[in-house]
There are 2 protein chains.
Amino acid sequence: MSEIIGHTGNVAIDSQRLWASIMDTARFGATPKGGIRRLTLSEEDRAVRDWFRDACEAIGAGVEIDELGTMYATLPGTDPALPPIAIGSHLDTQPTGGKFDGVIGVLGGLEVLRTLAETGTRTRHPVTLINWTNEEGSRFAPAMLCSGVFAGAFPADFALSRTDRDGITFADALDAIGYRGPLRAGAKTLAAHFELHIEQGPILEAEEKTIGAVTGVQAMRWFEVTLTGNEGHAGATPMRLRQDALVAGAHAILAIERLAAEHAPDAVATVGLLECRPNSRNVVPGEVFLTVDLRHPSDAVLEVMEQSLRHILASLPAGIGVTVDKVWDNPAVPFDARLLDAIRAGARAEGFTPRDIVSGAGHDSAYTARVCPSAMIFVPCAGGLSHNEAESATQHDVAAGTAVLLRAVLEADRLL
Amino acid sequence: MSEIIGHTGNVAIDSQRLWASIMDTARFGATPKGGIRRLTLSEEDRAVRDWFRDACEAIGAGVEIDELGTMYATLPGTDPALPPIAIGSHLDTQPTGGKFDGVIGVLGGLEVLRTLAETGTRTRHPVTLINWTNEEGSRFAPAMLCSGVFAGAFPADFALSRTDRDGITFADALDAIGYRGPLRAGAKTLAAHFELHIEQGPILEAEEKTIGAVTGVQAMRWFEVTLTGNEGHAGATPMRLRQDALVAGAHAILAIERLAAEHAPDAVATVGLLECRPNSRNVVPGEVFLTVDLRHPSDAVLEVMEQSLRHILASLPAGIGVTVDKVWDNPAVPFDARLLDAIRAGARAEGFTPRDIVSGAGHDSAYTARVCPSAMIFVPCAGGLSHNEAESATQHDVAAGTAVLLRAVLEADRLL
């Protein structure tokens, strides 16, 4: 396979080497079920960062670190006046994540750099491979925090002051693994930002397509909700006198499920995190904290969904106190037409028919699109499953996406 | 007040001293909201145990410790052939418990022993004050674990091998605070077991009664339920393809709420503890663990409720795996008629009209009733609130209950 895929004239990626890198780094945070638990700025994250730095330096790519720990590995171009073309994604994972989400974007990018380096292929622009800190947002909310700072969506101090559920700040976690660098986040000007990623949905697999040309990212909003009832003894508090916060939470969860159905098939709505307090089997729950994730390709529909959510939370059983915080609001993002053309052309050159697709998930490219031309390539994952230890993609498809990535980078180097 | 309440001939309890002991020990595990967090076998539990031992030894009551950490403080009687009359309850609390649940039973008993000791009142039977280990069951399930072993409901090894949610065993926690004693649990023969407790329900307050003569404890059953769905990306997994374990949990919670309503007004049903996995805001929940607590005064009705619960769990949305474990099954317990007469007589002698009442909550006396005559005294708590930091009882009512307890012990000493 590696002899066929990715042959761009005399420049071809090495599918075996790419796959070996994915499997090799999967040991950092490996879980018994075959997934990865590599929370951002954890000891496992430090280990994979060290590996990544060594791998980049081994091919002569200089590595810079910014003030938020984001890593930039650059092969120089022939024209010193041109800004770099970037390839970026992330090496952090969900608490029970898989081996491919984020990883193939960074290690596919590494395979592109290795191929350029070993074949002596010189681009006009420098090519910079980026490992963005904290894409997942599961330890420090919100997600895509550091590409967000890069794009000016948040100040760096906002990122540094985020805390995890144990009260540890992003800044302390960053210092603990030794990855606070001197570069200001956002200091670099990029000519373009490409990102290779698994689809994390079922469409490509269902349609037997290998390459998705991602035309944009759907709009999404995150909410944090606290429901306050009244604790009481589970045996001695009559049902009629209860204000049970978990029962109120159950009403909310089912109403949020119906809310998504009202805007089918494109809407998704998820209560992914719930904490019950005091969480004791013989105490009527006094407080529930839960998160709500609402997404839709249309900003206008998402606004209607938010209003419905607020109505749901205002209609919970009597006696339940409700607070709602909107902690994240990301409008729909269209990707760059020229970069998409380069991706589609690269796919066809590799023998694939590209399929235009909208991303259901957020990605660092949704932020970079604010400051430079950006676009993404999707490859299928089994069953559309992601954020799951059973997440799976084939060597063939990951190599195909990487080959298209290489072609798109070279095409952008000609165009831009 | 202390001069009036509890005067039984020349023997009167000291309401001020009793109240001071309650407030003094409330510092062990005190919470900012005025409650107590004194989980069983924790460092806070050790501290209050040390206080309790010192207080008992100061009045000449010898303290024995059994293999599960239960403490027995005994004032000798005049007839060496007679087994002790016991007064027992517990000093452990819920994670966000109040100052009275369990505490007034032990410290009310201490006040009875102090009164006997300082007035030189000699009973025929020894009088033994018991601090039962792990009544609450919130750190180590099930509740009333050690009175259960005492009564032969479980072997001691079962108790020692229980683990908390962090995987720490009861045995290790017991050794860590230095409270594993030489006495075999269940070695003692008791002539009777009295327990003073707050009602933990709203009835006495609503009817303006001070003393409840507790005729028994309702039946209760505990279940642990695991719901298994499928994790997926919250943005990219279409609603129709989800198996969301938390949505399934919400269906179960509301159906369990309706189940209690079908057996109103006596039935109670509570989901008090829920853990969502992986509990990340942008992951469709793959697994939910929850507990179910069902109670009813009638064993037969509770059996119908259990069958309904099993039907509910078998009817959850398609694709959700369900496991159900019944971890505790306690039948309804009637208390001893002679001890109840002693309590009612004591209440009337103190100027109160006793109110017969069924306990909604489990108590150590529900187990001791299997091996010796047992009965309980209830006093009101504000709003019926318990298992809550705002739990509240008045000095008057606690002293009244203690005075009745003293009279009941002296009456039992004559009768038995």
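Position numbers for residues count from 1 along each chain, tracking the sequence in the order it is written. Written order decides the labels, with chains lettered from A and ligands numbered from 1. For this predicted model, a pLDDT threshold of at least 70 governs which residues receive local features, and a threshold of 80 or more governs which side-chain atom pairs are given and counted, while totals over whole chains, interfaces and linings are taken from all residues. For the side-chain quantities, the full set of heavy atoms in the structure was used; hydrogens and water were omitted.

- Chain A carries the name N-carbamoyl-L-amino-acid hydrolase in an unreviewed UniProt entry, which gives Endobacter medicaginis as its organism.

## Description of the UniProt feature "binding site: Zn(2+) 2" (unreviewed entry) in chain A
For step 1, the next point in the chain: UniProt positions are given in the numbering used here, feature names are shortened, and annotations may be inferred rather than shown by experiment. When the UniProt feature table is mapped to this numbering, "binding site: Zn(2+) 2" (unreviewed entry) covers D101, E136 and H387 of chain A. The greatest C-alpha distance among the annotated residues, which extend across 287 residues, is 9.6 Å, indicating that they converge on a single site.
For step 2, the next point in the chain: Residues count as neighbours in contact if any of their non-hydrogen atoms are within 4.5 Å of one another. With residues near it in sequence (within four places) discarded, D101 of chain A still touches H90, D92, E136, H197, I198, Q200, S386, H387 and E391 of chain A.
For step 3, the next point in the chain: Of note, E136 of chain A is situated in the loop between β4 (127-131) and α4 (145-150).
For step 4, the next point in the chain: Other than its neighbours up to four places away in sequence, E136 of chain A contacts H90, D92, T93, Q94, D101, A143 and H387 of chain A together with N282 of chain B.
For step 5, the next point in the chain: A distance of 3.4 Å separates polar atoms of two side chains, one belonging to E136 of chain A and the other to H387 of chain A. Each helix corresponds to a stretch of at least 4 residues labelled H or I by DSSP, and each strand to a stretch of at least 2 residues labelled E; elements are numbered beginning at the N terminus. Whenever a nitrogen or oxygen atom comes within 3.5 Å of another N or O atom, the pair is scored as a polar contact, on the condition that within protein one atom can donate a hydrogen and the other can accept it, and that pairs from neighbouring residues in sequence are kept only if both atoms are in side chains.

## Let's talk about the packing of helix α3 (residues 103-119) of chain A against helix α12 (residues 395-415) of chain A
Residues and elements named next belong to chain A.
For step 1, the next point in the chain: Every axis in this analysis is a line fitted to C-alpha atoms, fitted for helices over the stretch in contact. Angles between the N-to-C directions lie between 0 and 180 degrees. Taken N-terminus to C-terminus, the directions of α3 and α12 make an angle of 60°; their axes are 9 Å apart at the nearest point. It follows that α3 is oblique to α12 by the angle criterion. In this structure, the crossing between α3 and α12 has a hand that is right-handed. Between α3 and α12, the residues in contact are I104, G108, G109, E111, V112, T115 and L116 and V398, T402, L405, L406 and L410, respectively.
For step 2, the next point in the chain: Only Asp, Glu, Lys and Arg are considered charged in this grouping, and only Ala, Val, Leu, Ile, Met, Phe, Trp, Tyr, Cys and Pro are considered nonpolar; every other residue, Gly among them, is considered polar. Looking at side-chain class alone, the contact of α3 with α12 contains seven nonpolar, four polar and one charged residues. Oblique is the label for any angle not under 35 degrees, not over 145, and not in the 65 to 115 range, which are roughly parallel, roughly antiparallel and roughly perpendicular in turn. Take the far helix as your reference; a near helix turned counterclockwise from it by less than a right angle gives a left-handed crossing, and one turned clockwise gives a right-handed crossing.

## Points about the UniProt feature "domain: Peptidase M20 dimerisation" (unreviewed entry) in chain A
For step 1, the next point in the chain: The UniProt entry lists residues 219-315 of chain A under the feature "domain: Peptidase M20 dimerisation" (unreviewed entry), expressed in the numbering used here.
For step 2, the next point in the chain: Structurally, residues 219-315 of chain A comprises 35% helix and 32% strand, and the distance from its first C-alpha atom to its last is 26 Å.

## A closer look at helix α1 (residues 15-25) of chain B
Residues and elements named next belong to chain B.
For step 1, the next point in the chain: Among all positions in α1, only S15, L18, S21, I22 and T25 are buried. Taken around the axis of α1, the buried residues stretch over an arc of 130°, which confines them to a single face.
For step 2, the next point in the chain: Along its buried surface, α1 packs onto α2 (43-58), α3 (103-119) and α12 (395-415). Only protein chains enter the accessibility calculation, which uses a 1.4 Å probe. A residue is then buried if its area is under 20% of the maximum for its type, exposed if over 50%, and partly exposed in between. By construction, the arc corresponds to the directions joining the helix axis to the C-beta atoms.

## Considering the domain arrangement of chain A
All names here are of chain A.
For step 1, the next point in the chain: Domain boundaries in chain A define domain 1 (15-218 + 332-415) and domain 2 (219-330).
For step 2, the next point in the chain: An automatic or database domain assignment is the source of the domain bounds shown. Using only C-alpha atoms to locate each centre, domain 1 and domain 2 end up separated by 33 Å.
For step 3, the next point in the chain: The quantity reported as buried area is the accessible area (1.4 Å probe) lost by two parts once they are put together, taken as the sum for both. Roughly 1,100 Å² of surface becomes buried between domain 1 and domain 2 when both sides are summed, with 51% attributable to carbon and sulfur atoms.
For step 4, the next point in the chain: Three residues stand out in domain 1 for area buried against domain 2, namely R165, Q218 and A332, and they jointly supply 53% of the buried area on that side.
For step 5, the next point in the chain: Only one rule defines a salt bridge in this text: a Lys or Arg side-chain nitrogen within 4 Å of an Asp or Glu carboxyl oxygen. Across the salt bridge formed by R165 and E275, the nearest N and O atoms sit 2.6 Å from each other.

## Things to note about the pattern of salt bridges
Residue and element names in this part refer to chain A.
For step 1, the next point in the chain: Scanning all chains against the criterion turns up 52 salt bridges over all chains.
For step 2, the next point in the chain: Here R221 and E306 are joined by a salt bridge, their closest N and O atoms 2.6 Å apart. Of this pair, R221 sits in strand β7 (residues 219-228) while E306 sits in helix α9 (residues 299-314), and the two are 85 residues apart along the sequence.
For step 3, the next point in the chain: By relative accessible area, which is 8% here, R221 ends up buried.

## Here's the deal with the interface of chain B and chain A
For step 1, the next point in the chain: Every contact between the two is made by 62 residues of chain B and, on the other side, 62 residues of chain A.
For step 2, the next point in the chain: For the pair chain B and chain A, the two sides together bury roughly 5,200 Å², of which 57% comes from carbon and sulfur.
For step 3, the next point in the chain: Looking only at chain B, the three residues that lose the most surface to chain A are H233, M239 and R281 of chain B, adding up to 16% of its buried area.
For step 4, the next point in the chain: Here chain B and chain A share two salt bridges between them.

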